[in-house]
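A look at the structure
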Amino acid sequence: MDILYQIRSRQDSFSAGEGRIARLMLDDVGFAASASLDELAQRAEVSSATLSRFARTVGCRDLRDLRLQLAQASGVGSRFLDPAGAPEQSAFYGQIVGDIETTLRQHLSAFEESRFSDAVRMLGKARMIHAFGLGGWSALCGEELQVRLVRFGYSIAACRDPVMMRITATSLSQEHLVIACSLTGITPELLGAVELARSYGAPILAITRADSPLARLADVVLPLQGAETSFIYKPTAARYGMLLAIDVLATELALAHPEDNQERLRRVKLALDDYRGGDDHLPLGD
């Protein structure tokens with residue numbers, strides 16, 4: 001149960017005492033979660049009976065259940081609970097760009113050439129590559145891998161459906177390769193599919209946080225850094241770290257066989273020019 005939503009949605013129906021309890025809990029979730037019942041009653045200037053009635057009003061079984069729900073609510077972290085004003089437009093424009101630049105530099109400095117070399121060798125051995133990604137950006141990056149690699153002659157399929165991932169995993173062997181994309185490395189459905197693929201001998205390349213459960217399942221990891229700022233309203237800048245890893249990997253693959261891949265890219269350009277036209281420097285289907 002989302003106890004904070006339950007409290008907010010009932011504010012108009014509370015008695016005066018219940019209203020004071022509600023304001024106390026919404027204004028300071030951390031205190032409400034850790035305080036004793038006597039401290040809560042004293043701070044809200046209500047009786048224990050009013051506290052008990054409030055707990056039942058917001059859908060809790062009793063005061064113990066209310067405190068448990070408050071403790072869970074406080075676990076999301078202060079940046080999602082503390083009051084926050086909207087920044088000036090020019091300020092957050094600059095912050096978005098600054099965070100992107102910072103994360104790109106952090107990721108680039110942490111990348112090791114040996115990891116990308118190992119990844120290139122894995123890809124070169126694979127008869128078929130499967131890119132797994134769940135969630136918004138991770139799923140898109142699985143598809144981005146397909147866009148990048150297919151033009152260099154790799155057989156690759158992207159999958160963002162958790163059931164299909166499990167089905168695919170059962171068909172794999174040492175001749176295949178799974179590339180698992182995850183900004184967090186903790187998504188249960190993805191971990192389950194990767195574990196299943198490993199059990200059938202498929203090598204695993206992970207683009208994820210180096211200290212994550214997904215990284216521990218992988219044979220090779222292209223590490224991401226997921227530090228977040230207190231500005232919760234914009235998308236995570238770590239997305240650009242994953243995209244950078246894919247761009248570096250794709251370029252390494254292209255340069256491993258430059259003449260062959262130049263010919264493949266020429267064919268792509270010819271095929272695109274044939275139906276869309278345009279100048280010589282348009283993207284190749286991006």
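Below is a short write-up of the structure. Given the structure is predicted, the values throughout are model-derived calculations rather than measurements.

**Describing unusual backbone geometry**
- The phi dihedral of Glu45 is positive, around 60 degrees, even though this residue is not glycine.
- In this structure, Glu45 sits in the loop between helix H4 (37-44) and helix H5 (48-57).

**Things to note about the pairing of strand E4 (residues 204-209)**
- Most of E4 sits out of view: 5 of its 6 residues are buried.
- One ladder, built from 4 bridges, connects strand E3 (residues 176-181) with E4; its direction is parallel. Each residue of the ladder has a partner; that of Ala180, found in E4, is Ala206.
- Traced from E3 through helix H11 (residues 188-199) to E4, the parallel crossover comes out right-handed.
- Strand direction decides the pairing type here: E4 and strand E5 (residues 220-224), joined by 5 bridges, are parallel.

**Description of the packing of helix H8 (residues 113-125) against helix H13 (residues 238-256)**
- As a packed pair, H8 and H13 sit with axes 10 Å apart at the nearest point and diverge in direction by 60 degrees. It follows from the interaxial angle that H8 and H13 lie oblique. At the point where H8 passes H13, the crossing takes the right-handed sense. Where H8 abuts H13, its residues Glu113, Phe116, Ala119, Val120 and Leu123 lie against Ala245, Val248, Leu249, Glu252, Leu253 and Ala256.
- Taken together, the residues of the contact of H8 with H13 sort by class into 9 nonpolar, no polar and 2 charged.

**As for the side chain of Ser182**
- Positionally, Ser182 belongs in the loop between E3 and H11.
- Judged by its relative accessible area of 4%, Ser182 falls in the buried class.

**Considering helix H10 (residues 162-170)**
- Looking at H10, one finds that the buried residues are Met165, Thr168 and Ala169. The buried residues of H10 occupy an angular sector of 100 degrees when the element is viewed end-on, so they sit on one face.
- Tucked inside the fold, the buried residues of H10 contact strand E1 (128-133), strand E2 (156-159) and H11.
- The opening residue of H10 is Asp161, an N-cap whose side-chain oxygen sits 3.1 Å from the backbone nitrogen of Val163.

**A look at the environment of Ser34**
- Positionally, Ser34 belongs in helix H3 (residues 29-34).
- It is 19 Å that separates the C-alpha atoms of Ser34 and Val58, two residues lying 24 residues apart in sequence.
- A polar contact of 3.0 Å, which involves the side chain of Ser34, links it to the backbone oxygen of Gly30.

**Some words on the environment of Ile204**
- Here Ile204 is to be found in strand E4.
- Placed 63 residues apart in sequence, Ile204 and Cys141 show a C-alpha to C-alpha distance of 16 Å.

**Digging into the state of the cysteines**
- In the structure shown here, the tally under the stated rule is 0 disulfides.
- Cys181 supplies the cysteine sulfur nearest to Cys141, a cysteine that is in no disulfide, at a spacing of 6.0 Å.
- Its relative accessible area of 1% is what places Cys141 among the buried residues.
- For Cys181, a relative accessible area of 0% translates into the label buried.

So, how was this worked out
- Residues numbered from 1 in each chain as written.
- Predicted model: local features only at pLDDT ≥ 70, side-chain atom pairs only at ≥ 80, totals over all residues.
- Heavy atoms only, no water.
- Helix = DSSP H or I, 4+ residues; strand = E, 2+ residues; numbered from the N terminus.
- Buried < 20%, exposed > 50% of the residue type's maximum accessible area, 1.4 Å probe, protein only.
- Pairing = 2+ DSSP bridges.
- Right-handed = clockwise from strand over helix to strand, strands pointing away.
- Axes fitted to C-alpha atoms, helices over the stretch in contact; angles between N-to-C directions.
- Parallel < 35°, antiparallel > 145°, perpendicular 65-115°, else oblique.
- Left-handed = near helix turned anticlockwise from the far one by under 90°.
- Contact = heavy atoms within 4.5 Å.
- Nonpolar A, V, L, I, M, F, W, Y, C, P; charged D, E, K, R; others polar.
- Arc of directions from axis to C-beta.
- Polar contact = N/O pair within 3.5 Å; in protein donor to acceptor, adjacent residues only side chain to side chain.
- Disulfide = S-S within 2.5 Å.

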